[in-house]
Amino acid sequence: MDWEFTEDAAFLALCDAFRESGESSAIEFLANGEGAFHFQDLAQNAAGEGLDLSESSALESFQQEVIETMEKLCQD
């Protein structure tokens, strides 16, 4: 992926909300309202950066990369 999503404001907001939630699982956090809201913003920004997430496999791959990055960077 050419776009560095970790520098995007939506990803930073997603990580902040994840930290504040006290949730231990990024997957579960993304499944709830606030996590899903921030992920949707991030996906829209990704599309604006030229990533085609219209295919379910591309969206799943992007989501998995976001989850792995969240768990690596956002947990203390």
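**What about the environment of Trp 3?**
Positionally, Trp 3 belongs in the segment before helix H1 (9-21). For Trp 3, a relative accessible area of 14% corresponds to the buried category. Between the C-alpha atom of Trp 3 and that of Gly 50, which follows or precedes it by 47 residues, the distance is 8.6 Å. Non-local contacts of Trp 3, meaning those with residues more than four positions away in its chain, are made with Asp 8, Leu 42, Asn 45, Ala 46, Glu 49, Leu 51 and Phe 62.

**Let's talk about the state of the cysteines**
What we call a disulfide is simply a covalent bond connecting the sulfur atoms of a pair of cysteines. For the coordinates displayed, the defined rule picks out one disulfide. Across the disulfide from Cys 15 sits Cys 74; the S-S distance is 2.1 Å. With Cys 15 in helix H1 and Cys 74 in the segment after helix H4 (56-73), this residue pair connects regions lying 59 residues apart in the sequence.

**A few points about the pattern of salt bridges**
A side chain with one charge may pair with a side chain of the opposite charge, provided their charged atoms come close. Tallying each qualifying case throughout the model produces one salt bridge. Arg 19 is the salt-bridge partner of Asp 16, the closest N and O atoms lying 3.1 Å from each other. On the criterion of helical spacing, the pair formed by Asp 16 and Arg 19 is a turn pair, its members being three residues apart in helix H1. A relative accessible area of 39% places Asp 16 in the partly exposed class. For Arg 19, a relative accessible area of 41% corresponds to the partly exposed category.

**Description of the side chain of Ser 25**
Structurally, Ser 25 can be placed in the loop between H1 and helix H2 (26-31). In this structure the side chain of Ser 25 is engaged in a polar contact, spanning 3.4 Å, whose partner is the backbone nitrogen of Ile 27. There is a polar contact of 3.2 Å between the side chain of Ser 25 and the backbone nitrogen of Glu 28.

About the criteria used
Residues numbered from 1 in each chain as written. Predicted model: local features only at pLDDT ≥ 70, side-chain atom pairs only at ≥ 80, totals over all residues. Heavy atoms only, no water. Helix = DSSP H or I, 4+ residues; strand = E, 2+ residues; numbered from the N terminus. Buried < 20%, exposed > 50% of the residue type's maximum accessible area, 1.4 Å probe, protein only. Contact = heavy atoms within 4.5 Å. Disulfide = S-S within 2.5 Å. Salt bridge = Lys/Arg side-chain N within 4 Å of Asp/Glu carboxyl O. Polar contact = N/O pair within 3.5 Å; in protein donor to acceptor, adjacent residues only side chain to side chain.

It is worth stressing that arrangement in space is one thing and function is another; only the former is reported here.
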